Amino acid sequence: MNSTDEQPASSLSQGSNLARWLLIAVLCAMLVAACVLGYLGWTSTDTSVPASGYAALVLGVVFSLVVGIGLMALVFYSSRKGYDEPAVLIQEPEHDPENGSDQAR
């Protein structure tokens, strides 16, 4: 677009801004709905959880955190050491038995 022609750029910006706010509103409504359903599901029953259930919950959370932290540490380690660099093709020198160009230099 031309820098002197501001009309299409501003209308495009307004449409993009409206779409952004609409997306935020829909996501906020989904968050509120999820919270309401979670609260209703949590309070709709009168059952109690035994101690072994809480122990299993704690062990599951701790195991998940250990795996997640360990994998992220490996990602940072490999990135810092250069293991994430793209592969580079190393050309082998052409050897010509007639000229003896394959001799060590």
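Before reading on, note that the structure itself is shown above.
Residues numbered from 1 in each chain as written. Predicted model: local features only at pLDDT ≥ 70, side-chain atom pairs only at ≥ 80, totals over all residues. Heavy atoms only, no water.

(A) Just the overall build of the chain, in detail. In terms of helices and strands, the chain carries 2 helices and 0 strands. When each of the 105 residues of the chain is scored for burial, the buried share is 1%. Total accessible area computed for the chain in this model is approximately 10200 Å², and 66% of it derives from carbon and sulfur atoms. (Helix = DSSP H or I, 4+ residues; strand = E, 2+ residues; numbered from the N terminus. Buried < 20%, exposed > 50% of the residue type's maximum accessible area, 1.4 Å probe, protein only. Areas by Shrake-Rupley, 256 points an atom, 1.4 Å probe, with all protein chains shown as cover.)

(B) Molecular detail of helix α2 (residues 51–81). Between its first and last C-alpha, α2 extends 45 Å over 31 residues, near the 45 Å set by a 1.5 Å rise per residue. Gly-82 sits one or two residues past α2 and shows a positive phi near 90°. (Expected span 1.5 Å × (residues − 1).)

(C) Local environment of a nonpolar patch on the surface. Taken together, Val-49, Tyr-54, Leu-57, Val-61, Leu-65 and Ile-69 make up a surface patch of nonpolar side chains, about 610 Å² in accessible area. Tracing the chain through its elements places Val-49 in the loop between α1 (7–43) and α2. Val-49 gets classed as partly exposed once you look at its relative accessible area, which sits at 47%. (Patch = residues over 30% accessible without salt bridge, like charges linked within 9 Å, V, L, I, M, F, W, Y side chains within 5 Å. Salt bridge = Lys/Arg side-chain N within 4 Å of Asp/Glu carboxyl O.)

(D) Quick look at the side chain of Ser-78. Examined against the element boundaries, Ser-78 turns out to sit in helix α2. A relative accessible area of 16% places Ser-78 in the buried class. Excluding anything up to four places from it in sequence, Ser-78 contacts Tyr-83 and Asp-84. (Contact = heavy atoms within 4.5 Å.)

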